[in-house]
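# Summary of the model geometry
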Amino acid sequence: MVTFTAQAFKKITEMAPVDKVEYRGIRVMVLGGGCAGFTYDMDFEEEPREDDWTDVQHGWNVYVDPMSQCYLEGTTIDYIESLSFSGFHFANPGAKSTCGC
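Now for a description of the structure that goes with this document. Not measured: the values here are computed from a predicted model.

Moving on to a nonpolar patch on the surface. On the surface, a cluster of nonpolar side chains totalling about 290 Å² of accessible area is made up of Phe38, Met67 and Tyr71. Considering the arrangement of structural elements, one finds Tyr71 in helix H2 (residues 66-72).

Counted at 1.5 Å a residue, the expected span for helix H1 (residues 6-18) with its 13 residues is 18 Å, and the 19 Å between its end C-alpha atoms agrees. The set of residues buried in H1 consists of Ala8, Phe9, Ile12 and Ala16. When H1 is viewed along its axis, its buried side chains cluster within an angular range of 85 degrees and face the same direction. Pointing more than 90 degrees away from the buried face of H1 are the exposed residues Pro17 and Val18. Immediately beyond the C-terminal end of H1, within one or two residues, lies Lys20, with a positive phi of roughly 60 degrees.

About the thresholds
- Residues numbered from 1 in each chain as written.
- Predicted model: local features only at pLDDT ≥ 70, side-chain atom pairs only at ≥ 80, totals over all residues.
- Heavy atoms only, no water.
- Patch = residues over 30% accessible without salt bridge, like charges linked within 9 Å, V, L, I, M, F, W, Y side chains within 5 Å.
- Areas by Shrake-Rupley, 256 points an atom, 1.4 Å probe, with all protein chains shown as cover.
- Salt bridge = Lys/Arg side-chain N within 4 Å of Asp/Glu carboxyl O.
- Helix = DSSP H or I, 4+ residues; strand = E, 2+ residues; numbered from the N terminus.
- Expected span 1.5 Å × (residues − 1).
- Buried < 20%, exposed > 50% of the residue type's maximum accessible area, 1.4 Å probe, protein only.
- Arc of directions from axis to C-beta.

Don't take any of this as a statement about function, it's just geometry.
Shown next, in the form of structure tokens:
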């Protein structure tokens, strides 16, 4: 389904205390909008919702809702820092088009 790199969870673990998060859960979702039709989003989440796909990666609980599952199949989430970009990168083999904004 969705795979996080160690670097992505390193950054998520650094961000959790800043957001005053005391649990180890992350929700990954696809939302309507953006110039490519959909946008990726993540948020800290304490518990899964009914029908969520759940997994444990790098000591974190990962939750994906049923609608987002079909769009995220095979996606790898990484955290990249470079001179031109810093942020989470979603490498989705099923994406038909992407947006740079």
